[in-house]
Amino acid sequence: QSVLTQPPSVSGAPGQRVTISCTGSTSNFGAGYDVHWYQQLPGTAPRILIYGDKRRPSGVPDRFSGSRSFTSASLAITGLQAEDEGDYYCQSYDTSLRRFVFGTGTRVTVL
Amino acid sequence: QVQLVESGGGVVQPGRSLRLACAASGVSFRTYGMHWVRQAPGTGLEWVAGIWFDGTHEDYADSVKGRFTISRDNSIETLYLQMNSLRVDDTAVYFCARGNVLVTPDHFDIWGQGTAVTVS
């Protein structure tokens, strides 16, 4: 059972902006641990999209942006494209559970 | 070329053992913590185990503690996961992933393609 909660799905038309929330607690985000985001396209391995709350690795388009506010975080995708369809996961570390934790995952659908 | 390549997956009966391997190249293996993350069919990601860069410390998810053992051989840049007393709910694709150069928890920046384990 995940301690990071995400909406099961979000959708938008091409070119629109969508956001994915990730709700944590005082034992992960609130304890100062960063949030990271992964994109998993169908049939592929996850890849890092955002790390350290808002940093983008090289090669990730600036259409993807992240933010965090105490016990919650969000990923925004602007200018939604068909190739963005897939699953998105947030991740952090939980000091109470003493383990890495992933969010429940959000399926992004481009209408 | 930067890559992690898993191997060793397959079909195994409940109660039996399996050993996964993850061969690294171009990822500065010796200086990074390494992890195993799994994904059961149709579900999300679950962190399984992690090991420090020098192999001196390991951590495990409660679901596998006492049954799985993570290890590494820095001389051949390979990560292992020894899985004993396998259960049906261990069925998943197992990914190896690179962690942090420090010992503090961080993100996983490089992932392998995964190897499928079916316990049936």
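Just so you know, these numbers come straight off a predicted model, no measurement behind them. For every chain, the first residue of its written sequence is number 1, and the numbers climb from 1 along that sequence. Lettering for chains starts from A, numbering for ligands starts from 1, and both go in the order in which the items are written. With pLDDT at 70 or above as the cut-off, local features in this predicted model cover only qualifying residues; side-chain atom pairs require 80 or more to be listed or tallied, and sums for whole chains, interfaces and linings still use all residues. To get the side-chain values, take all heavy atoms of the structure and skip hydrogens and water.

Undergrad: Which parts of the structure should I look at to understand the interface of chain A and chain B?
TA: Where interface size is given, it is often the accessible area lost as the parts come together that is meant. In this analysis, two residues are considered to be in contact whenever any of their non-hydrogen atoms come within 4.5 Å of each other. Facing 14 residues of chain A, the contacting portion of chain B comprises 17 residues. The buried area of a pairing is the accessible area, by a 1.4 Å probe, that goes missing from both parts when the two are put together, added over both. Of the roughly 1500 Å² buried between chain A and chain B on both sides combined, carbon and sulfur atoms contribute 72%. The three residues of chain A that bury the most area against chain B are Pro-46, Phe-100 and Phe-102 of chain A, which together make up 40% of that side's buried surface. Salt bridges are defined by distance alone: a side-chain nitrogen of Lys or Arg within 4 Å of a carboxyl oxygen of Asp or Glu. Linking chain A to chain B there are 0 salt bridges. Residues adjacent in sequence count toward polar contacts only when both atoms are side-chain atoms; beyond that, a polar contact is any pair of N or O atoms within 3.5 Å, and within protein one must be able to donate a hydrogen and the other to accept it. At the boundary of chain A with chain B, the tally comes to 4 residue pairs in polar contact (both at pLDDT 80 or more). Secondary structure elements with two or more residues in the side of chain A that touches chain B: β3 (36-40), β7 (86-94) and β8 (99-102) of chain A. As a working rule, the residues Ala, Val, Leu, Ile, Met, Phe, Trp, Tyr, Cys and Pro are called nonpolar, Asp, Glu, Lys and Arg charged, and the rest polar, with Gly in that last group. In terms of residue class, the side of chain A that touches chain B is built from 10 nonpolar, 3 polar and 1 charged. The secondary structure listing takes helices from DSSP runs of H or I that are at least 4 residues long and strands from runs of E that are at least 2 residues long, numbered from the N terminus.

Undergrad: Help me out: how do you make sense of the state of the cysteines in this one?
TA: Simply put, the disulfide is a covalent bond whose two ends are the sulfur atoms of two cysteines. All names here are of chain A. The criterion for a disulfide is a pair of cysteine sulfur atoms lying within 2.5 Å. Summed over the entire model, instances satisfying the criterion amount to 2 disulfides over all chains. Two residues, Cys-22 and Cys-90, share a disulfide whose sulfurs are 2.1 Å apart. Measuring the twist about the S-S bond at about 75 degrees, one finds the Cys-22-Cys-90 disulfide to be right-handed. Here the residue Cys-22 occupies a position in strand β2 (residues 18-23), and Cys-90 occupies one in strand β7, the gap between them amounting to 68 residues. In this structure, Cys-22 and Cys-90 share a single accessibility class: buried. Partly exposed describes any residue whose relative accessible area lies between the buried limit of under 20% and the exposed limit of over 50%, with all areas from a 1.4 Å probe on protein chains only and scaled to the type maximum.

Undergrad: Where do I start with the sheet that holds strand β5 (residues 64-69) of chain A in this structure?
TA: The strands that make up a sheet are held in pairs by hydrogen bonds between backbone atoms, and each pair lies either parallel or antiparallel. Residue and element names in this part refer to chain A. Here the rule is simple: two strands pair whenever DSSP picks up at least two bridges between them. Read across the open sheet, the 3 strands follow the order β2-β6-β5; overall the sheet is antiparallel. Two strands bound the open sheet, and with one partner strand each, they are β2 and β5. Averaged over all pairs of adjacent strands, the angle between their axes in this sheet comes to 15 degrees, without regard to strand direction. Two strands pair when backbone bridges link them, and β5 and strand β6 (residues 72-77) are joined in this way by 6 bridges, in the antiparallel orientation. Paired with Ser-69 across the bridge in β6 is Ser-72. A fitted line through C-alpha atoms represents every axis, and for helices the fit uses only the stretch in contact; the resulting angles, taken between N-to-C directions, go from 0 to 180 degrees.

Undergrad: It is not clear to me how the nonpolar core should be interpreted in this structure. Could you clarify?
TA: Across soluble globular proteins, nonpolar side chains show a tendency to be buried alongside one another. Residues belong to one nonpolar core when they are buried, are Ala, Val, Leu, Ile, Met, Phe, Trp, Tyr or Cys, and are joined through side-chain atoms within 4.5 Å. Ranked by internal contacts, the top residues of the largest apolar core, which has 42 residues, are Phe-102 of chain A together with Trp-36, Leu-79, Leu-81, Met-83, Tyr-94 and Trp-111 of chain B. When sequence neighbours within four positions are dropped, the list of residues in contact with Leu-81 of chain B reads Leu-18, Arg-19, Leu-20, Trp-36, Val-48, Ala-49, Phe-68, Thr-69, Ile-70 and Tyr-94 of chain B. Grouped together as the second largest cluster of nonpolar side chains are 21 residues, Val-10, Leu-49, Phe-64 and Leu-80 of chain A included.

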